[in-house]
Amino acid sequence: MKEFKEKVIPVFIPFMGCPHKCVFCNQRKITGYSKEVDIDSVDSHILRSLSTIPAWVDRVEIAFYGGSFSCLPQALQERLLLVASKYVKMHGLWGIRLSTRPDCLSRSEIEFLKDSGVVTVEIGVQSLNDAVLSRSKRGHTVKDAIDAALRVKDAGLVLGLQIMVGLPGDTGNEFHYTVDLIADKIKPDFVRIYPLLVVRGSELADMYERGEYEPLTLDEAVSLSKYAYRRFQDAGIGVVRMGLQDIPTMRWGVDILGGPYHPSFGELVKSAAFYEQIIEELKGVNPAELSVVINPKDESILRGQHNLNLLRLKKKYPNIRLNVVKDEGIQRGKFIIHYKKVA
Ligand code: SF4
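Owing to the predicted nature of the structure, the values given are computational and were not obtained by experimental measurement. (Residues numbered from 1 in each chain as written. Predicted model: local features only at pLDDT ≥ 70, side-chain atom pairs only at ≥ 80, totals over all residues. Heavy atoms only, no water.)

**Regarding helix H9 (residues 218-234)**
Then step 1. Given a rise of 1.5 Å per residue, 17 residues ought to cover 24 Å, and the 24 Å separating the end C-alpha atoms of H9 matches this to within 8%.
Then step 2. Restricting attention to buried positions, one finds in H9 the residues Ala 221, Val 222, Leu 224, Ser 225, Lys 226, Ala 228, Tyr 229, Arg 230 and Phe 232. (Helix = DSSP H or I, 4+ residues; strand = E, 2+ residues; numbered from the N terminus. Expected span 1.5 Å × (residues − 1). Buried < 20%, exposed > 50% of the residue type's maximum accessible area, 1.4 Å probe, protein only.)

**Concerning unusual backbone geometry**
Then step 1. Despite not being glycine, Lys 137 has its phi angle at roughly 55°, a positive value.
Then step 2. Phi at Asn 307 is positive, roughly 60°, even though this residue is not glycine.
Then step 3. With respect to the helices and strands, Asn 307 occurs in the loop between helix H11 (299-303) and helix H12 (308-316).
Then step 4. Its relative accessible area of 32% is what places Asn 307 among the partly exposed residues.

**What to know about the sheet that holds strand S10 (residues 287-294)**
Strand-to-strand pairing in sheets goes through backbone hydrogen bonds, with the strands running parallel or antiparallel.
Then step 1. Spatial ordering of the open sheet is given by S11-S10-S12, a layout of three strands whose pairing is mixed. Two strands lie at the open edges of the sheet, namely strand S11 (321-326) and strand S12 (335-341), each paired on one side alone. Ignoring which end each strand starts from, the neighbouring axes of this sheet average 15° apart.
Then step 2. Of the strands in this sheet, S10 and S12 are in contact with helix H10 (residues 265-281), which crosses S12 at around 40°. (Pairing = 2+ DSSP bridges. Axes fitted to C-alpha atoms, helices over the stretch in contact; angles between N-to-C directions. Contact = heavy atoms within 4.5 Å.)

**So, the packing of aromatic side chains**
Then step 1. Evaluated as defined, the whole model comprises three aromatic pairs.
Then step 2. Between Phe 64 and Phe 69 the ring centres are 4.9 Å apart and the planes differ by 40°, which places this aromatic pair in the tilted class.
Then step 3. Taking the centre distance of 5.6 Å and the plane angle of 70° together, the rings of Phe 274 and Phe 335 count as edge-to-face. Residue Phe 274 is located in helix H10, and its partner Phe 335 is located in strand S12; the two are separated by 61 residues in the primary sequence. Like Phe 274, the residue Phe 335 is buried in the burial classification.
Then step 4. Positioned above the aromatic ring of Trp 94, the side-chain terminus of Arg 59 is 3.7 Å from the ring centre.
Then step 5. A cation sits over an aromatic face here: Arg 312 above Tyr 275, 3.9 Å from the ring centre. (Phe/Tyr/Trp six-rings, centres within 6.5 Å; stacked < 30°, edge-to-face > 60°. Lys NZ or Arg CZ within 6 Å of the ring centre and 35° of its normal.)

**Focus on the domain arrangement of the protein**
Quite often, the size of an interface is put as the accessible area lost when its parts meet.
Then step 1. For the protein, the assigned domains are domain 1 (6-263) and domain 2 (272-341).
Then step 2. A straight line from the C-alpha centre of domain 1 to that of domain 2 covers 34 Å.
Then step 3. Summed over both partners, the interface of domain 1 with domain 2 buries about 590 Å², with 45% contributed by carbon and sulfur atoms.
Then step 4. On the surface where domain 1 and domain 2 come into contact, there are three salt bridges.
Then step 5. Applying the counting criterion to the domain 1 and domain 2 interface returns three residue pairs in polar contact (both at pLDDT 80 or more).
Then step 6. Residues of the side of domain 1 that touches domain 2, tallied by class, amount to two nonpolar, two polar and two charged. (Domains from an automatic or database assignment. Buried area = accessible area lost by both parts, 1.4 Å probe. Salt bridge = Lys/Arg side-chain N within 4 Å of Asp/Glu carboxyl O. Polar contact = N/O pair within 3.5 Å; in protein donor to acceptor, adjacent residues only side chain to side chain. Nonpolar A, V, L, I, M, F, W, Y, C, P; charged D, E, K, R; others polar.)

**Points about the sheet that holds strand S5 (residues 158-165)**
Then step 1. The sheet built from seven strands is open, its strands ordered S1-S2-S3-S4-S5-S6-S8 with parallel pairing. At either end of the open sheet lies a strand with only one pairing partner, and these are strand S1 (6-12) and strand S8 (238-242). The mean angle between the axes of side-by-side strands here comes to 25°, regardless of whether they run parallel or antiparallel.
Then step 2. The pairing of strand S3 (residues 95-100) with strand S4 (residues 118-126) spans five bridges and is parallel. Its bridge partner being in S4, Arg 97 is matched across the sheet by Thr 120.
Then step 3. Lying over the sheet, helix H7 (residues 172-186) contacts S4, S5 and strand S6 (190-195), oriented at roughly 170° with respect to S5.

**Describing the pairing of S5**
Then step 1. Most of S5 sits out of view: seven of its eight residues are buried.
Then step 2. As defined by bridge partners, S4 adjoins S5 across six bridges and the pair is classed as parallel. For Thr 120, the partnering residue across the bridge sits in S5 and is Val 158.
Then step 3. With six bridges connecting them, S5 and S6 associate as parallel partners.

**Quick notes on the environment of Gly 258**
Then step 1. Here Gly 258 is to be found in strand S9 (residues 256-258).
Then step 2. On the basis of relative accessibility, which here comes to 3%, the residue Gly 258 falls in the buried class.
Then step 3. Separated by 64 residues in sequence, Gly 258 and Leu 322 have C-alpha atoms that sit 38 Å apart.
Then step 4. In this structure, Gly 258 is in contact with Leu 197, Val 198, Tyr 208, Pro 215 and Trp 252, ignoring residues within four places of it in sequence.

**Things to note about the packing of H10 against H12**
Then step 1. Two numbers describe how H10 lies on H12: the axes approach to 10 Å, and their chain directions differ by 25°. As the angle between them shows, H10 and H12 are arranged roughly parallel. Like other packed secondary-structure pairs, H10 and H12 cross with a definite hand, here right-handed. For the pair formed by H10 and H12, the contact residues are Ser 271, Phe 274, Tyr 275, Ile 278 and Ile 279 on the first element and Asn 309, Arg 312, Leu 313 and Lys 316 on the second. (Parallel < 35°, antiparallel > 145°, perpendicular 65-115°, else oblique. Left-handed = near helix turned anticlockwise from the far one by under 90°.)

**Concerning the environment of Leu 196**
Then step 1. Here Leu 196 is to be found in the loop between S6 and strand S7 (198-199).
Then step 2. Separated by 22 residues in sequence, Leu 196 and Glu 174 place their C-alpha atoms 15 Å apart.
Then step 3. In this view, Leu 196 contacts Phe 24, Met 164, Val 165, Gly 166, Leu 167, Pro 168, Leu 204, Tyr 213, Gly 259 and Pro 260; residues no more than four positions away in its chain are not counted.

Here it is, written out as structure tokens:
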């Protein structure tokens with residue numbers, strides 16, 4: 001089956017429209033942009049980016065990220081959408097995507113976005129626990145988030161949700177509850193999972209320095225994200241990103257003060273999920289030989305960093321013969337195992 005190739009032209013609008021400042025956010029650092037965006041620069045940025053889109057891409061969206069688009073003044077939204085939709089029409093692009101907050105998505109706002117060429121809305125829900133939202137100073141409730149998400153779906157738009165791992169006051173149980181509610185009730189088209197990092201300039205950085213916030217360890221964040229990743233996969237919900245994109249302007253110890261940062265965070269999670277799934281499939285079996293059939297593009301994830309998964313399997317089953325079999329016919333993220341039991 002041909003893999004469908006999508007590309008996004010990101011237009012960053014750092015902090016723009018945000019009626020609150022969440023404790024963990026220093027959006028200017030996270031997006032790597034520090035200037036406010038004006039319409040002319042948006043126009044030239046899109047035009048420049050279009051010339052870099054390879055011919056093999058099937059679908060292109062122009063995406064407004066980094067702020068709360070639908071909370072912007074209506075006139076500014078109109079001007080930004082007009083520029084983007086000009087290029088959508090001119091180049092036959094798929095449409096416009098934007099990220100925003102749940103409390104700026106009334107039914108009439110959603111209709112306006114849809115009429116203006118928006119096809120995908122990503123909502124930062126972060127958590128579905130009111131106490132956690134309040135401690136993070138999100139300024140909206142769980143009900144706001146669920147209602148907004150369902151309205152976006154009702155309008156026939158593609159819905160993406162962003163959640164965070166390690167928010168202040170968010171225990172494992174509460175995080176699992178958030179994930180379960182999304183998987184069972186909201187059922188978005190895709191999700192993004194971000195481990196919470198302590199970014200300089202955020203209120204969280206002050207809390208961290210005063211000893212009032214303790215970040216997750218990398219292992220804890222991977223384990224919680226693995227739960228979410230598997231749960232969403234089982235529910236048929238795409239997980240399009242885990243972990244922040246690598247931003248050259250973010251330096252550990254300078255811009256990021258703490259938290260479970262890893263440049264390949266998503267791969268660590270997928271790798272841990274593969275291992276867990278294999279162990280589940282081998283439950284009650286003492287295997288003498290194990291063959292894992294996998295898409296070649298997933299081989300390094302199956303093996304794990306420094307072959308960690310294979311080493312753990314060998315430790316658990318000391319005499320096992322292990323084979324990794326590559327097969328392009330296997331769907332990405334899936335595998336098949338064959339084993340022979342100890343005689
Ligand atoms: S709503 Fe988003 S962009 Fe705005 S302050 Fe909160 S996290 Fe940052």
